[in-house]
Structures are given as C-alpha cells and as structure tokens.
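Read off the chains here:
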Amino acid sequence: KIKIAIDSIKSIISGSFLINKKNNSIEICIIGKPNVGKSSLFNLLVGESRSIVNKTKGTTRDTIEENLSLSGFPVKLIDTAGVRKTKNVIEKEGVLRSLTAIQKSNIIIFVDDADPVLAFNAFKIKHKNVVFVKNKQDLGKATKQNKKTLLVSCLQKKGIKKLLTSLSTLIIKETDAFYKKNMFILNKRQEAEIGGCLSVLEEALAVYQKK
C-alpha cells in the first residue's frame, strides 16, 4: 500500500503541467519552406530580433527558442530551419532538427508566401494543431485562398492580432485537454506539501523493509 501511494504521488509530480520542467509550457513551432518569413514572424511575436533575417535561403541553420506568455499561459516559441532538400551538411542537420521539433510541438504555425495549406500538404506532416499563415501580404493583393489561412504582413505588422487569437484558442484547448486527463499541482505550497508527504512515505517504506 505504501509503494502504491509513493507511485501515485510521483506520477502526480512528474505529470504536473505547472511544475514539471519537461511539460511546463506549450511548445509552438514555426515551420515552412526557406525565405517565407518564419524568422521575421518569430521576431515579431517575441518582440526583439532573436533570429537572423536575410533573403538568402537557408539562413536559419538551427532551432531558436524563446519563452513568452500568451493568454496567461507559458509558451515556448521555436523558430526552425526552412524545410527543403539540400546538399549542405550543416543545413541538412538544421532541417533534421526542424522535423524533430515539429514532432514534439503542441502547435504548428505553418508559414508560406503563396498557399500555406497546399505547401503543408506537400510535406506530408501529420499534426492536429496547425495554424496556416500566408505572409508577405504587403507585396500583393490580399486574396484569401482558404478559410483556414490567416493573412499576415510581418513587414507592416498586419494580421498579428488574428494570429494571436487563433493561437490562444488552441493553447486553451491544449491545456484543457491536459487538465482533464491529469492530476496536477496548483501552487508551490501544494508542491511542498505533497513533496513532504512523499519523503515521509519513502522513510516509512525504508523502515518497513529493514524489519
């Protein structure tokens, strides 16, 4: 019975959305082909120039992460290398890391400057939470090709509010789903109390096993 109680408490602690380091934020991954404005969007959402923005394809060779808050929830925003076939060894490693980040992320922002839905389908990536963003609307007429697509201009900072609203909706959906299937700790006091309980149970088990 003591062992069962210990396992139950450890499960609560390790699965807690609020205190477990591996699960303490929603991961949002920005992906797409090279030179469509992923890094520009990342910098705009973060609020500073963390990613290098350049017209040369393949500028971002590694994933870049930044922690921020959206709708009151902790979020890890990830900028990735453009996904394409390449012979460059370093860029190839960046693409591989991008694909790994995609699999781990809770939400994907797929960016394209032509047709995001069509481009996404070509990658044959399966993910339940995808926000489609058509960037560079300052270069031409803003015609919406798909009702799922959000029109954005990173240069003119247009369409960002709608994007944040879509992200907030998915973040709330993700956290609600987590809370429904997991027991979790609300605050530091509860964390300390349950941690103390675990210590006492482990001491009791040690004493019992010596008998």
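Since the structure is predicted, the reported quantities are computational estimates derived from the model, not experimental observations.

## Details of the pairing of strand S2 (residues 64-70)
Part 1: Bridge count between S2 and strand S3 (residues 73-79): seven bridges; the pairing is antiparallel. When the bridges of S3 are listed, Leu-68 appears paired with Val-75.
Part 2: Count of turn residues in the S2/S3 antiparallel hairpin: two residues, of which Ser-71 carries a positive phi of about 55 degrees.

## Things to note about the nonpolar core
Part 1: Counting 26 residues, the largest nonpolar core has Ile-28 and Ile-109 as the members making the most contacts within it.
Part 2: Secondary structure elements with two or more residues in this core: strand S1 (26-32), helix H2 (38-46), S2, S3, strand S4 (107-112), strand S5 (130-134) and helix H5 (160-181).
Part 3: Element by element, the count of residues in this core is highest for H5, at five residues.
Part 4: Setting aside residues no more than four positions away along its own chain, Ile-28 makes contact with Leu-70, Val-75, Lys-76, Leu-77, Ile-78, Ile-107, Ile-109, Leu-167 and Ile-171.

## Notes on the packing of aromatic side chains
Part 1: Under the definition given, this model contains two aromatic pairs.
Part 2: Residues Phe-110 and Phe-120 carry aromatic rings whose centres are separated by 5.4 Å and whose planes lie at 80 degrees to one another, so their mutual orientation is edge-to-face. Of this pair, Phe-110 sits in strand S4 while Phe-120 is found in helix H4 (residues 116-123), placing the two residues ten residues apart along the sequence. We note that Phe-110, like Phe-120, is buried.
Part 3: With 5.5 Å between their ring centres and 80 degrees between their planes, Phe-120 and Phe-132 make a pair best called edge-to-face. Placement of the pair is Phe-120 in helix H4 and Phe-132 in strand S5, with a sequence separation of twelve residues. In this pair, the class of Phe-120 matches that of Phe-132, namely buried.

## Some remarks on helix H6 (residues 188-210)
Part 1: Counted at 1.5 Å a residue, the expected span for H6 with its 23 residues is 33 Å, and the 33 Å between its end C-alpha atoms agrees.
Part 2: The complete set of buried residues in H6 reads Ile-194, Leu-198, Leu-201 and Leu-205.

Conventions we followed
- Residues numbered from 1 in each chain as written.
- Predicted model: local features only at pLDDT ≥ 70, side-chain atom pairs only at ≥ 80, totals over all residues.
- Heavy atoms only, no water.
- Pairing = 2+ DSSP bridges.
- Helix = DSSP H or I, 4+ residues; strand = E, 2+ residues; numbered from the N terminus.
- Core = buried A, V, L, I, M, F, W, Y, C linked by side-chain atoms within 4.5 Å.
- Buried < 20%, exposed > 50% of the residue type's maximum accessible area, 1.4 Å probe, protein only.
- Contact = heavy atoms within 4.5 Å.
- Phe/Tyr/Trp six-rings, centres within 6.5 Å; stacked < 30°, edge-to-face > 60°.
- Expected span 1.5 Å × (residues − 1).

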